[in-house]
Amino acid sequence: MAAKSTSLDPEDSLGYQVRRCHRRFDRLLTAYLSSHGLKTGYWYYLRILWEEDGVSQKYLSDRTHVAENTTASIIGSMVKDGLVQRRRDEVDKRKFRITLTDHGRGLE
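Residues numbered from 1 in each chain as written. Predicted model: local features only at pLDDT ≥ 70, side-chain atom pairs only at ≥ 80, totals over all residues. Heavy atoms only, no water.

A. Spatial organisation of the overall build of the protein chain. Of regular secondary structure, the protein chain possesses five helices and three strands. Moving toward the C terminus, one meets the helices and strands of the protein chain in the order α-α-β-α-α-β-β-α. Here the C-alpha atoms of the protein chain give a radius of gyration of 20 Å, more than 25% beyond the 13 Å that 2.2 N^0.38 yields for 108 residues. On the principal axes, the C-alpha backbone points of the protein chain span a range of 75 × 30 × 20 Å. Classification of the 108 residues of the protein chain by burial places 28% in the buried group. Put simply, of all contacts in the protein chain between residues at least 6 apart along the chain, 36% involve residues at least 24 apart. A total of about 7,900 Å² of accessible surface is found on the protein chain, and carbon and sulfur atoms cover 53% of it. The distance from the centre of the 19 positive side-chain charges to the centre of the 15 negative ones in the protein chain is 3 Å. (Helix = DSSP H or I, 4+ residues; strand = E, 2+ residues; numbered from the N terminus. Rg over C-alpha atoms; globule rule 2.2 N^0.38 Å. Buried < 20%, exposed > 50% of the residue type's maximum accessible area, 1.4 Å probe, protein only. Contact = heavy atoms within 4.5 Å. Areas by Shrake-Rupley, 256 points an atom, 1.4 Å probe, with all protein chains shown as cover. Lys, Arg positive; Asp, Glu negative; His and termini not counted. Charge placed at Lys NZ, Arg CZ, Asp CG, Glu CD.)

This is how it looks when you write it as structure tokens:
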């Protein structure tokens, strides 16, 4: 009975192939978004806001699995780029609510 041959070539591993696929997808997404004047980091937040507008920064941070300080920075950039508005929550003044602008909604 012949022994089963196993390849140690990293390119044969499933993990390597998944990572390679992800990197290719990320490059294509970046190119597509940049043609619309968008940064890749905005995409994940816009997708959530297109489904649920007016959520808190904390909620966006939790949904994207990104640290709250990073989310605050990205949201700040999105405000400057006219994609979203940041407003204090009317009930809990410690929270900010993030809402899409007409421009942000139009990108959907």
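B. Focus on the pattern of salt bridges. Taken as a whole, this structure holds seven salt bridges when the rule is applied. The partner of aspartate 53 in a salt bridge is arginine 105, and the shortest N-O contact between them spans 3.8 Å. One end of the pair, aspartate 53, is in the loop between helix 2 (40-51) and strand 1 (55-56); the other, arginine 105, is in helix 5 (residues 102-106), and 52 residues separate them in sequence. You can call aspartate 53 partly exposed: its relative accessible area is 37%. Residue classification places arginine 105 among the partly exposed positions, given a relative accessible area of 32%. Here aspartate 62 makes a salt bridge to lysine 58, at a shortest N to O gap of 3.0 Å. (Salt bridge = Lys/Arg side-chain N within 4 Å of Asp/Glu carboxyl O.)

C. Highlighting the side chain of threonine 101. For threonine 101, the location among the structural elements is in the loop between strand 3 (96-100) and helix 5. At 2.5 Å, the side chain of threonine 101 and the backbone oxygen of glycine 82 are in polar contact. Residues in contact with threonine 101, not counting those within four places in the same chain, are Gly82, Leu83, Val84 and Gln85. (Polar contact = N/O pair within 3.5 Å; in protein donor to acceptor, adjacent residues only side chain to side chain.)

D. Quick look at the pairing of strand 3. Two elements, strand 1 and strand 3, share two bridges in a ladder whose sense is antiparallel. Within the sheet, the bridge partner assigned to valine 55 lies in strand 3 and is isoleucine 98. When strand 2 (residues 84-88) meets strand 3, the two strands line up antiparallel, connected through five bridges. Bridge pairing links arginine 88 to phenylalanine 96 in strand 3. (Pairing = 2+ DSSP bridges.)

E. Quick peek at the environment of lysine 95. With respect to the helices, strands and loops of the structure, lysine 95 is situated in the loop between strand 2 and strand 3. The exposure class assigned to lysine 95 is partly exposed, which follows from its relative accessible area of 39%.

F. Geometry of the sheet that holds strand 2. The three strands lie next to each other as 1-3-2, forming an open sheet whose pairing is antiparallel. Edge positions in the sheet fall to strand 1 and strand 2, since each of these pairs with one other strand and no more.

G. Local environment of unusual backbone geometry. Positioned with a positive phi, histidine 65 is a non-glycine residue whose angle comes to about 60 degrees. According to the relative accessible area criterion, histidine 65 is exposed, its value standing at 74%.

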